[in-house]
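Chain and residue survey
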Amino acid sequence: MSPTKSIPAVQSVVKDLLADLYPKSGGEKIGLTSEAFGAILCDIGSKQFTVATADSEIRAFLISLRVDELALARACAAGHNSAWEVFLTRYREKLYLSAIRIAREDSAARDLADTLYADLYGTNTREGQRVSKLASYTGRGSLEGWLRTVLSQEYVNRYRRTKRLVSLDEESEDGVQFRAPDPEPVPPADARLAQATDEALEALSGEDRTVLSAYYLDGRTLAEIARMLGVHESTISRKVDKLAKSLRKQIVAALVRGGMSRRQAEEALEVDVRDLQVDIRRGLQQESLAQDSSAAAFSEKRVEARVREDPG
């Protein structure tokens, strides 16, 4: 990921805070210099804010970062072996346990974890530079939670690549569950993301909210939603995928209208996808689907859909 052009206000705040944040990061012990850590903070801050952002907001954001985990992740991404040794000591077992919960089979879990290790270590190069997923970690939430999210996404990507080879009926018979545990929720760092997400959810029809609420809030499988609405499972699968893509486009457009560059908007969703998940759940919970009986209509089938609200 190429560095973002630094915003002067961000540079100034980083300069003021670096003497305090760098020692807290422990960067010196893992091969990360103060200058390198300062550049990382400038890059993250410049992607997050605009030239109109107040210094106080920038300062509060930088102070809130998990600087020790950020330094470790970025030192690993830069190829410092001492950092990688620390990373493996802290997270190897945790990653495997997360993988086994997701894949539910030992060999598949180890393969999933090993693939992630390669992506995290940066075995591939681009224009002569290492390409590590850890370079995308921004320190906004726990590194462990971020790793679980990346691991879950890799599992979903594998499923999408292979699902054409397995019928939906076979998946149902095998009892395969593809929904990974929710990562630790973290508060949105930018109110514009929450507002853009709320706007996109409000624009949904009752029918679409019914499907998303059943899938994300009630934890129903695609097969269960399909039976509830009297349609084929593949129809629900396509609909959920289409809604997710449509929501992403609308949120990006709203963020751009709110003052972000398109690159900043895309990176806000790509890097911290957990925030989007939290906002979707909150937004859907705010909608009372039961009060709108028309929300049960689906593809000309007047089927009554009774969707329970998440008690939490």
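In this text the structure is predicted, and so the values were computed from the model without any measurement. Along each chain, residue indices are assigned from 1 in the same order as the chain's sequence is written. Local features are withheld for residues below a pLDDT of 70 in this predicted model, meaning they are given only at 70 or higher, and side-chain atom pairs are given and counted only at 80 or more; totals for whole chains, interfaces and linings count all residues. Hydrogens and water are ignored here; the side-chain numbers use all heavy atoms of the structure.

**Structural notes on the packing of aromatic side chains**
Centre distance within 6.5 Å is the pairing criterion for rings of Phe, Tyr and Trp, where only the six-membered ring of Trp is used; planes under 30 degrees apart are then read as stacked, over 60 as edge-to-face, and the remainder as tilted. Within the structure shown, the criterion is met by six aromatic pairs. The interplanar angle of 15° and the centroid separation of 5.1 Å between the aromatic rings of tryptophan 84 and phenylalanine 87 together place this pair among those described as stacked. Of this pair, tryptophan 84 and phenylalanine 87 both sit in helix H5 (residues 81-103), three residues apart, roughly one helical turn. For the pair shown, tryptophan 84 and phenylalanine 87 are each scored as buried. Relative to tyrosine 91, the ring of phenylalanine 87 has its centre 5.2 Å away and its plane inclined at 40°; by these criteria the two rings are tilted. Taken together, the residues span about one helical turn, with phenylalanine 87 and tyrosine 91 both in helix H5 at a distance of four residues. As far as the burial class goes, phenylalanine 87 and tyrosine 91 line up, both buried. Aromatic ring contacts, followed pair by pair, group Trp84, Phe87, Tyr91 and Tyr121 into a single cluster. Both a distance and an angle decide whether a charge sits over a ring: NZ of Lys or CZ of Arg must be within 6 Å of the ring centre and within 35 degrees of the ring normal. Across the ring face of tyrosine 117, the terminal group of arginine 92 is positioned such that the distance to the ring centre comes to 5.6 Å. In this structure, arginine 110 packs its charged tip against the face of tyrosine 96, placed 4.3 Å from the ring centre. Secondary structure elements are taken from DSSP: a helix is a run of H or I of four residues or more, a strand is a run of E of two residues or more, and numbering for both begins at the N terminus. The classification of residues rests on relative accessible area computed with a 1.4 Å probe and restricted to protein chains. Under 20% of the type maximum is buried, over 50% is exposed, and intermediate values are partly exposed.

**Topic: the nonpolar core**
Side chains that are nonpolar tend, in soluble globular proteins, to be buried together. The definition of a nonpolar core used throughout is a set of buried Ala, Val, Leu, Ile, Met, Phe, Trp, Tyr and Cys residues joined through side-chain atoms within 4.5 Å. Within the largest apolar cluster, 53 residues are counted, with the highest numbers of intra-cluster contacts made by Phe37, Leu62, Phe87 and Leu134. The element that contributes the greatest number of residues to this core is H5, accounting for 10 residues. What makes two residues a contact is simply this: any of their non-hydrogen atoms within 4.5 Å. Apart from the residues within four sequence positions on either side, leucine 62 is in contact with Val13, Val14, Leu17, Leu21 and Leu41. One finds Ala200, Leu212, Leu247 and Leu255 within the second-largest nonpolar core, a separate group that totals 14 residues.

**A closer look at helix H4 (residues 67-77)**
In terms of residue burial, H4 counts as a mostly covered element, since 10 of its 11 residues are buried. Residues of H4 that are buried include every one of Val67, Glu69, Leu70, Ala71, Leu72, Ala73, Arg74, Ala75, Cys76 and Ala77, and no others. Just downstream of H4, glycine 79 is the residue with a positive phi angle, here 95°.

**Concerning the packing of helix H2 (residues 34-48) against H4**
In contact at an axis separation of 11 Å, H2 and H4 are set at 105° when each is read in the N-to-C sense. One way to sum up the angle between H2 and H4 is to call them roughly perpendicular. Every residue of H4 that contacts H2 at Phe37, Ile40, Leu41 and Ile44 is listed here: Val67, Leu70, Ala71 and Arg74. A per-class count over the contact of H2 with H4 returns seven nonpolar, no polar and one charged. Axis geometry follows a simple rule: fit a line to the C-alpha atoms, using only the stretch in contact for helices, then measure angles between N-to-C directions, giving values from 0 to 180 degrees. Small angles under 35 degrees read as roughly parallel and large ones over 145 as roughly antiparallel, with 65 to 115 read as roughly perpendicular and the rest as oblique. Residues are grouped as follows: Ala, Val, Leu, Ile, Met, Phe, Trp, Tyr, Cys and Pro are nonpolar; Asp, Glu, Lys and Arg are charged; all remaining types, including Gly, are polar.

**Regarding the confidence of the model for the protein**
On average, residues of the protein score 76 in pLDDT, and 72% of them reach the 70 mark or higher. Along the chain, pLDDT gives the predictor's confidence residue by residue, from 0 to 100. In this model, residues 287-312 is a region of pLDDT below 50 whose contacts with residues beyond four sequence positions or in other chains number 53 contacts.

**Some points on helix H6 (residues 106-121)**
To estimate the expected span of a helix, subtract one from its residue number and multiply by 1.5 Å. Look at H6: 22 Å from first C-alpha to last across 16 residues, which is about the 22 Å you get at 1.5 Å a residue. The complete set of buried residues in H6 reads Ala109, Leu112, Ala113, Leu116, Tyr117 and Leu120. An end-on view of H6 places all buried positions within 140° of arc, on one side of the element. Regarding the arc, it is the one traced by the directions from the helix axis to the C-beta atoms.

**Regarding the pattern of salt bridges**
Two side chains with opposite charge may pair up if their charged atoms get near one another. Salt-bridge detection follows one rule: a side-chain nitrogen of Lys or Arg within 4 Å of a carboxyl oxygen of Asp or Glu. Evaluated as defined, the whole model comprises nine salt bridges. Taking the shortest distance from any N to any O, the salt bridge between aspartate 16 and arginine 59 comes out at 3.8 Å. Taken together, the positions of aspartate 16 in helix H1 (residues 8-25) and arginine 59 in helix H3 (residues 55-64) put the pair 43 residues apart, joining distant regions of the chain. Put simply, arginine 148 and glutamate 144 hold a salt bridge, and the shortest N to O gap is 3.4 Å. Residue arginine 148 and its partner glutamate 144 are both found in helix H7 (residues 143-162); the two are separated by four residues, about one turn of the helix. Salt bridges linked by common partners bring Lys94, Glu144 and Arg148 together as one network.

**Some thoughts on the environment of glutamate 144**
In this structure glutamate 144 comes out as partly exposed when scored by relative accessible area, which is 28%. Separated by 54 residues in the primary sequence, glutamate 144 and arginine 90 place their C-alpha atoms 9.4 Å from one another. Those residues in contact with glutamate 144 that sit more than four places away from it in its chain are Tyr91 and Lys94. Definition of a polar contact: a pair of N or O atoms within 3.5 Å, with one able to donate and the other able to accept a hydrogen when the atoms are protein atoms, and with sequence-neighbouring residues admitted only if both atoms are side-chain atoms. Looking at glutamate 144, its side chain comes within polar contact range of the side chain of lysine 94, at 3.5 Å.

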